[in-house]
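Here's the letter readout for the chains.
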Amino acid sequence: MTLPLFSTTDDPGPDFAGLMQRLRVPSGVPATGGTAESTRFRHGTTVVALRFADGVVMAGDRRATEGHSIAHRAMQKVFPADRYSAVAIAGAAGPAVEMVRLFQTQLEHYEKVEGVVLSLEGKANQLSQMVRAHLPMAMQGLAVVPLFAGYDLSRGAGRIFTYDVTGGHYEESEYNATGSGGRDARTTIKLGYRAGLSRDEAVELAIQALYEAADEDSATGGPDLIRGIYPLVATVTASGFESVEEAEVAELFASLIERRRAEGHQP
Amino acid sequence: MSMPYYVAPEQVMKDRAEYAQKGIARGRSLVAIVHAEGIVIVADNPSHSLHKIGEIYDRIAFAGVGKYNEFDQLRVSGIRHADTKGYAYSREDVEARSLANLYAQYLGQVFTNEMKPLEVEILVAELGTELRPNQLYHIAYEGTITDESRFAVLGGETEGIAAVLDEQWQADWNLSAALKAAVGALAGDDRTLRGSQLEVAVLADGFGRRAFRRLDDDEIDGLLDT
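Reading the values: rules and limits
Residues numbered from 1 in each chain as written. Chains lettered and ligands numbered in written order. Predicted model: local features only at pLDDT ≥ 70, side-chain atom pairs only at ≥ 80, totals over all residues. Heavy atoms only, no water. Pairing = 2+ DSSP bridges. Helix = DSSP H or I, 4+ residues; strand = E, 2+ residues; numbered from the N terminus. Axes fitted to C-alpha atoms, helices over the stretch in contact; angles between N-to-C directions. Contact = heavy atoms within 4.5 Å. Parallel < 35°, antiparallel > 145°, perpendicular 65-115°, else oblique. Left-handed = near helix turned anticlockwise from the far one by under 90°. Core = buried A, V, L, I, M, F, W, Y, C linked by side-chain atoms within 4.5 Å. Buried < 20%, exposed > 50% of the residue type's maximum accessible area, 1.4 Å probe, protein only. Salt bridge = Lys/Arg side-chain N within 4 Å of Asp/Glu carboxyl O. Phe/Tyr/Trp six-rings, centres within 6.5 Å; stacked < 30°, edge-to-face > 60°. Lys NZ or Arg CZ within 6 Å of the ring centre and 35° of its normal.

S.K.: Looking at this structure, I do not really get the sheet that holds strand 6 (residues 135-139) of chain B. What am I missing?
M.R.: Backbone hydrogen bonds are what pair the strands of a sheet, in a parallel or an antiparallel way. Residue and element names in this part refer to chain B. Within the open sheet, the five strands sit side by side as 3-4-5-6-7. Their pairing is antiparallel. With one partner strand each, in any of the chains shown, strand 3 (53-57) and strand 7 (145-148) form the two edges of the open sheet. Mean inter-strand twist for the sheet, computed between neighbouring axes without regard to direction, equals 20°. Here strand 5 (residues 120-126) pairs with strand 6 via five bridges, running antiparallel. Paired with Val-124 across the bridge in strand 6 is Tyr-137. Packed onto the sheet, helix 2 (residues 68-88) meets strand 3, strand 4 (60-66) and strand 5 and runs at close to 20° relative to strand 3. Of the strands in this sheet, strand 3, strand 4, strand 5, strand 6 and strand 7 are in contact with helix 3 (residues 96-113), which crosses strand 5 at around 170°.

S.K.: When you look at the packing of helix 5 (residues 182-192) of chain A against helix 6 (residues 199-216) of chain A in this model, what are you seeing that I'm missing?
M.R.: The axes of two packed helices give the description: the angle between them and the distance between them. Residues and elements named next belong to chain A. Running from N to C, helix 5 and helix 6 cross one another at 140°; their axes reach a closest spacing of 8 Å. Relative to helix 6, the element helix 5 lies oblique. Taken as a pair, helix 5 and helix 6 cross one another with a handedness that is right-handed. On the side of helix 5, the interface is formed by Asp-184, Ala-185, Thr-188, Ile-189 and Gly-192, while helix 6 contributes Leu-205, Gln-208, Ala-209, Glu-212, Ala-213 and Glu-216.

S.K.: I'm lost on the nonpolar core in this one. Help?
M.R.: Soluble globular proteins: nonpolar side chains tend toward being buried together. Residues and elements named next belong to chain A. Ranked by internal contacts, the top residues of the largest apolar core, which has 29 residues, are Val-48, Leu-50, Val-57, Ile-189 and Val-233. Mapped onto this core, the elements with two or more residues apiece are strand 2 (47-52), strand 3 (55-60), strand 11 (175-178), helix 5, helix 6 and helix 7 (246-262). For this core, the element with the highest residue contribution is helix 6, accounting for nine residues. Excluding its chain neighbours within four sequence positions, the residues that come into contact with Ile-189 are Val-48, Leu-50, Tyr-175, Leu-205 and Ala-209.

S.K.: Honestly, the pattern of salt bridges in this entry has me stumped. Any pointers?
M.R.: Considering all chains together, one arrives at 38 salt bridges over all chains under this definition. With a closest N to O distance of 3.3 Å, Glu108(A) and Arg91(B) form a salt bridge. With Glu108(A) in helix 2 (residues 93-114) and Arg91(B) in the loop between helix 2 and helix 3, the pair connects residues from two separate chains. For Arg91(B), a relative accessible area of 32% gives the class partly exposed. Where Arg155(A) meets Asp152(A), a salt bridge forms, and the shortest distance between an N and an O atom there is 3.9 Å. With a relative accessible area of 5%, Asp152(A) lands in the buried category. Put simply, Glu108(A), Lys112(A), Asp58(B), Asp83(B), Arg91(B) and Arg209(B) are held in one network by salt bridges that share partners.

S.K.: Would you mind showing me how to read the environment of Gln105(B) here?
M.R.: Residue and element names in this part refer to chain B. Note that Gln-105 resides in helix 3. Take Gln-105: its relative accessible area is 58%, and that puts it in the exposed class. C-alpha of Gln-105 to C-alpha of Asn-45: the two residues are 60 residues apart in sequence and 28 Å apart in space.

S.K.: Explanation requested: the packing of aromatic side chains in the structure shown.
M.R.: Each pair of aromatic rings is reported with the distance of its centres and the angle of its planes. On inspection of all chains with the given rule, the structure shows nine aromatic pairs over all chains. Judged by centre distance (5.4 Å) and plane angle (50°), the ring pair of Tyr175(A) and Tyr193(A) falls under tilted. Of the two residues, Tyr175(A) sits in strand 11 while Tyr193(A) sits in the loop between helix 5 and helix 6, which places them 18 residues apart along the sequence. Looking at Tyr175(A), the relative accessible area reads 13%, which means it is buried. For Tyr193(A), a relative accessible area of 16% translates into the label buried. Relative to Phe71(B), the ring of Tyr68(B) lies with its centre 5.5 Å away and its plane at 75°, an arrangement referred to as edge-to-face. With Tyr68(B) and Phe71(B) both in helix 2, this residue pair falls three residues apart, about one helical turn. What makes Phe71(B) buried here is its relative accessible area of 2%. Cluster of aromatic residues (ring-pair linked, three or more members): Phe103(A), Phe148(A) and Phe161(A). Sitting over the ring of Tyr87(B), Arg101(A) keeps its end group 4.5 Å from the ring centre. Lying across the ring of Phe207(B), Arg213(B) places its NZ or CZ 4.1 Å from the centre.

As structure tokens, this is what we get:
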């Protein structure tokens, strides 16, 4: 390795992806032509995000599938993007996790080179460009659809952005979900959502949404009580990204099931 | 037709060294101290936006004195090196020693081959782990690299500052004690320096993955007054 120095006219600035191109480090899987069979690679499924009074809650199940098989039971789909934002992924697991890694590096790289943190809008746009660059692969069946949420320090509020495979990004005013169980998760949140939820209410609603999605969608994993694997939940507020403790998530699932039983439903 | 004059290589090197030293001596000095709670880097720098100290990676910091545009370019290339390495391998594979070597190679190459040497002196500081000790790599304008385990002084007039610190340094200093010693040594006998005239950053555990943190004026004054 040599010291990466560039002439002033060819300097990539704070852009890490641009730097990788100039250094000819391959990032991402090259497009091959043809369509990938979905039984050959791993898929991540349901992730949700919703706003509450102090910020946003993000949650994701843990299941990865290869066709009809379960490929992994404890996959991480919710990641801190930086101190004040989180990114969750659904779609082809390999490129999705790689995109998160590149995104995290990109944000930190910008912050270190420039000495200031990107605005939340700027971060959302950066992710948009990465999804867009991935479009050729999405056309071959390897789509990655992230969900981005963070705390906007200049507005003092949580914000959520959804994406489509073409890199379009759309701000959501309340909540959204993506992935194969996204529709069921979204409906569940819709029924329980109101503006100004407390943190505990929002976390509970997210958990309920994943529970219902897992109930209806075979590719979404529910709480695995036998192995002790639970969906990952995180909040982003003025004090930054915080993971919700596994014990709290486990307890919320237990009380959800308990409540269902007491009401006379099958859990 | 004019013939180029012959200049002895010794003279060329001497002239270049003198030129670089003069450039560096025009700026103010900078001190880094290893203490019981981590590493503190203190620069005599009244500017709040043109930094001399910067973050390179999780446990690595950079500091430079001399010509701003030249050491800032080195800082950015260090971040690029560290981020690409961490991305290609793993975060724990990024270490200060290899980066310090690259800097030394580059400065040495510019000093011997280019018309003008870089008028900078830089520092790469790494917060230790259980497996690696705290380390300060001091790299001079001509590529000479030295590693220090107690403190490093960069800038024009370093001898007086180094002598003071050499006498005072203690392994059990906490952040406040190390900062006071650094500020005292930088200020000398006839000045006092306060937060607004200083740029201070620390490498310390307990703030998550990224150990680098800047101290604001109030924090600096608070630590100086304890």
